[in-house]
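Remarks on the overall topology
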Amino acid sequence: LHEEALAARSKDNLRSPICCILGHVDTGKTKLLDKIRQTNVQEGEAGGITQQIGATYFPVEALKQKTNVVNKDGKFEFKVPGLLIIDTPGHESFSNLRSRGSSLCNIAILVVDIMHGLEPQTLESMRLLRDRKTPFIVALNKIDRLYGWKKIDNNGFEDSLAMQNKGVQNEFRTRLEATKLAFAEQGFNSELFFENKSMARNVSLVPTSAHTGEGVPDMLKLLTSLSQERMTNSLMYLSEVECTVLEVKVIEGLGTTIDVVLSNGILREGDRVVLCGTNGPITTNIRALLTPAPLKELRLKSQYVHNKEVKAALGVKIAANDLEHAIAGSRLMVVGPDDDEEDLEDEVMSDLEALLSKVATDNRGVTVQASTLGSLEALLEFLRVSKIPVANISIGPVYKRDVMMAGTMLEKAKEYAVMLCFDVKVDKDAAAYAQDVGVKIFTADIIYHLFDNFTAHMAELAEQRKEESKMHAVFPCVIRPVAVFNKTDPIVIGIDVIEGSLRLHTPLAAVRTNASGVKEIVKLGRVTSLERDHKAIPICKKGQPSVAIKIEGANQPMYGRHLEESDTLYSAISRQSIDTLKEFYRADVTMEEWGLVKKLKPLFDIP
Ligand code: GDP
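Remember, it's a predicted structure, so these values are computed and weren't measured experimentally.

Here we take up the overall build of the protein chain. Within the protein chain one finds 17 helices and 32 strands. In terms of overall size, the protein chain is more extended than a compact globule, its C-alpha atoms giving a radius of gyration of 35 Å where 607 residues would be expected to give roughly 25 Å. Seen through its principal axes, the protein chain has C-alpha atoms that stretch 110 × 65 × 50 Å. A buried classification covers 50% of the 607 residues belonging to the protein chain. The contacts of the protein chain with a sequence gap of at least 6 include a subset with a gap of at least 24, amounting to 70%. Surface accessibility of the protein chain: about 29600 Å² in total, with carbon and sulfur atoms responsible for 50%. Across the protein chain, the 74 positively charged side chains and the 82 negatively charged ones have centroids separated by 5 Å.

As a further point, take the sheet that holds strand 22 (residues 390–395). Spatially, 22-21-23-24 is the arrangement adopted by the four strands of the open sheet, whose pairing is parallel. Each of the sheet's edge strands pairs with one partner strand only, and the pair in question is strand 22 and strand 24 (440–444). Averaged over neighbouring strand pairs, the angle between their axes works out to 20° when direction is ignored. Examined bridge by bridge, strand 21 (residues 366–370) and strand 23 (residues 418–422) share four bridges and lie parallel to one another. In the strand pairing of strand 23, Thr 367 is matched with Met 419. Its contacts with the sheet put helix 11 (residues 373–385) on strand 21, strand 22 and strand 23, and the angle it makes with strand 22 is roughly 165°. Running over the sheet, helix 15 (residues 447–469) touches strand 21, strand 23 and strand 24 and is turned about 155° from strand 24.

Moving on: the packing of aromatic side chains. Tallied over the entire structure, the rule returns eight aromatic pairs. Plain terms: the ring middles of Trp 149 and Phe 157 are 6.5 Å apart, the flat faces sit at 10° to each other, and that makes the pair stacked. As far as burial versus exposure is concerned, Trp 149 and Phe 157 are alike and both buried. Seen from their ring centres, Phe 157 and Phe 172 are 5.2 Å apart, and the 50° between their planes marks the pair as tilted. Highlighted residues: Phe 157 in helix 6 (residues 157–162) and Phe 172 in helix 7 (residues 166–185), separated in sequence by 15 residues. Exposure class is identical for Phe 157 and Phe 172. Each is buried. In this structure an aromatic cluster arises from ring pairing among Trp 149, Phe 157, Phe 172, Phe 193 and Phe 194. Geometry around Tyr 433 places Lys 400 over its ring, the cationic atom sitting 4.9 Å from the centre. We note Arg 503 situated over the ring of Phe 475; from NZ or CZ to the ring centre the distance is 3.6 Å.

Turning next to the site of the ligand. Taken together, the neighbourhood of the ligand is formed by 15 residues, with Asp 26, Thr 30, Lys 31, Asp 144 and Ala 210 sitting nearest. In the environment of the ligand, an oxygen atom lies 2.8 Å from a nitrogen or oxygen atom belonging to the backbone of Lys 29. In the model, an oxygen atom of the ligand is placed 2.5 Å from a nitrogen or oxygen of the Thr 30 side chain. Burial of the ligand by the protein chains amounts to 76% of its free accessible area of 570 Å².

This brings us to the confidence of the model for the protein chain. The share of residues in the protein chain with pLDDT of 70 or more is 94%, and the mean pLDDT across the chain is 89. Confidence drops under a pLDDT of 50 for residues 40–45, and excluding neighbours within four residues, the segment shows seven contacts in the predicted structure. Reported confidence for the predicted complex is 0.99 by ipTM and 0.76 by pTM.

Pairing analysis gives five bridges linking strand 23 to strand 24, with the strands arranged parallel. Bridging across to strand 24, Cys 421 finds its partner in Thr 443. Regarding topology, helix 14 (residues 428–437) serves as the crossover connection from strand 23 to the parallel strand 24, and that connection is right-handed.

Rules used in this analysis
Residues numbered from 1 in each chain as written. Predicted model: local features only at pLDDT ≥ 70, side-chain atom pairs only at ≥ 80, totals over all residues. Heavy atoms only, no water. Helix = DSSP H or I, 4+ residues; strand = E, 2+ residues; numbered from the N terminus. Rg over C-alpha atoms; globule rule 2.2 N^0.38 Å. Buried < 20%, exposed > 50% of the residue type's maximum accessible area, 1.4 Å probe, protein only. Contact = heavy atoms within 4.5 Å. Areas by Shrake-Rupley, 256 points an atom, 1.4 Å probe, with all protein chains shown as cover. Lys, Arg positive; Asp, Glu negative; His and termini not counted. Charge placed at Lys NZ, Arg CZ, Asp CG, Glu CD. Pairing = 2+ DSSP bridges. Axes fitted to C-alpha atoms, helices over the stretch in contact; angles between N-to-C directions. Phe/Tyr/Trp six-rings, centres within 6.5 Å; stacked < 30°, edge-to-face > 60°. Lys NZ or Arg CZ within 6 Å of the ring centre and 35° of its normal. Near = heavy atom within 4 Å. Polar contact = N/O pair within 3.5 Å; in protein donor to acceptor, adjacent residues only side chain to side chain. pLDDT = per-residue confidence, 0-100. Right-handed = clockwise from strand over helix to strand, strands pointing away.

Written as structure tokens, this is what we have:
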């Protein structure tokens, strides 16, 4: 068996590393991809670059040619057979290239705009890369925008930098240092690539321009070197099938197809495969393995080439029956002769179940909906770190039944009657229904935007509750009437505040002892106005000049009959009013006022 294993490790069985490009919007991810695909005319056709489904394959010959300018002596050794770069930049592909929580993306390029530094999605990308332990390099893109930059198309960076005047070099250094500092703040050590002594310890920063192509040869060389350094041998050889669904697409004439990345092993036409679906496992046979037709053959009637078998690593489209409910981000497993189909079905569904098991066990939390398994996983991880509880999860567009699910929270915990939807469409009826019943739907294609939305929502609710609680909040005060202007309906009196402060809406009461010696609380109603020198004021504090106040309420007592001018008045506190102060006004209540609350408690028989 050992010999067999060794034999399997022949050169033909090497597999290529897979690379993703991540970064903030507009940093130049798409342009960089275009630039590396582009053939360098002077150096002749860069051999054999092939456009695949959702990915571009660079055979080692192409890599050698594209890095020639920074490897003139040929000292750098290529050990990989090639490099598969995923075409759709951004989080989606990266988070879907997953298997049991680890990443199938072997290396990544994080693109940063040298003029902008680290931006919100850069940080999000870094979190993803860190969570999945994916080695990456940073392309510090748009160096051609440094003021006064003189370009040499497709040049190596060191050489180009040496040609610049002092001013440009200084600006470059300043921006480089700022970027390094920003990375350090995120817990990453980073170094300019040719000053980096340990790729294991420091992230390499490689300055690039997607417009002039400068630094792109360095970037490719660095990618190759990082993958050769960091990928273990076993990863480099073909072994059992490892395959992930990146997209589910309806194609005319083919029905629903899945675009997959085969990161290891071999797929064959007719293979029986199992994958995860929204309505349970999907088991089907591969009808066709399709890759794009080369450009020169596009005049042929099909835009696809049929393949009898395909080898990792590559992007391929699979046509088969029953793919309508397939989930992007799902694993695809091949049923071998000794395999039990049901075991494999359980296995692929366990990915979704693992996520289900992460949601709040007490059933109080928001509802989360995402387009793919990968993005759902990334979103749940983010919400976990952000301490936002999740009660329901779902994949795919938002329909009324999903809103109804979220609506169950309206009674349990109203603040969680919220749907955080990542990169999914919301059905019209569902949106209307949500509006009717009061379920909030937030949609975004950037995770942290959902977090911002939710945080703002919580703050708004708190503000609302504070507003509603105004009538229940009673600040403590003791006041002494100095004149009675109107005995009742409404009571109008002149007063001095002896302790605390009297505010609008405060309920007042006198505490008297009746003829039979029993304590009696006489409620006067609420203060509806405070005036000093005919000017309305919102508050009168202890020691301030006297004010005239109006008190209104149902069944008001009458001065001269139920109470006297000499009766001290107190703000009528209660258990509820104290709790409200504690919940919403803690910051507004002074130590002295808490002391006064304590003193007033026995008067109102509050334990
Ligand atoms: P993506 O959103 O990250 O894919 O960014 P794009 O590749 O679409 O680029 C966004 C914008 O930046 C486009 O207008 C590009 O032309 C421009 N851009 C990208 N790379 C460079 C670069 O290296 N130099 C300059 N000057 N502009 C660039």
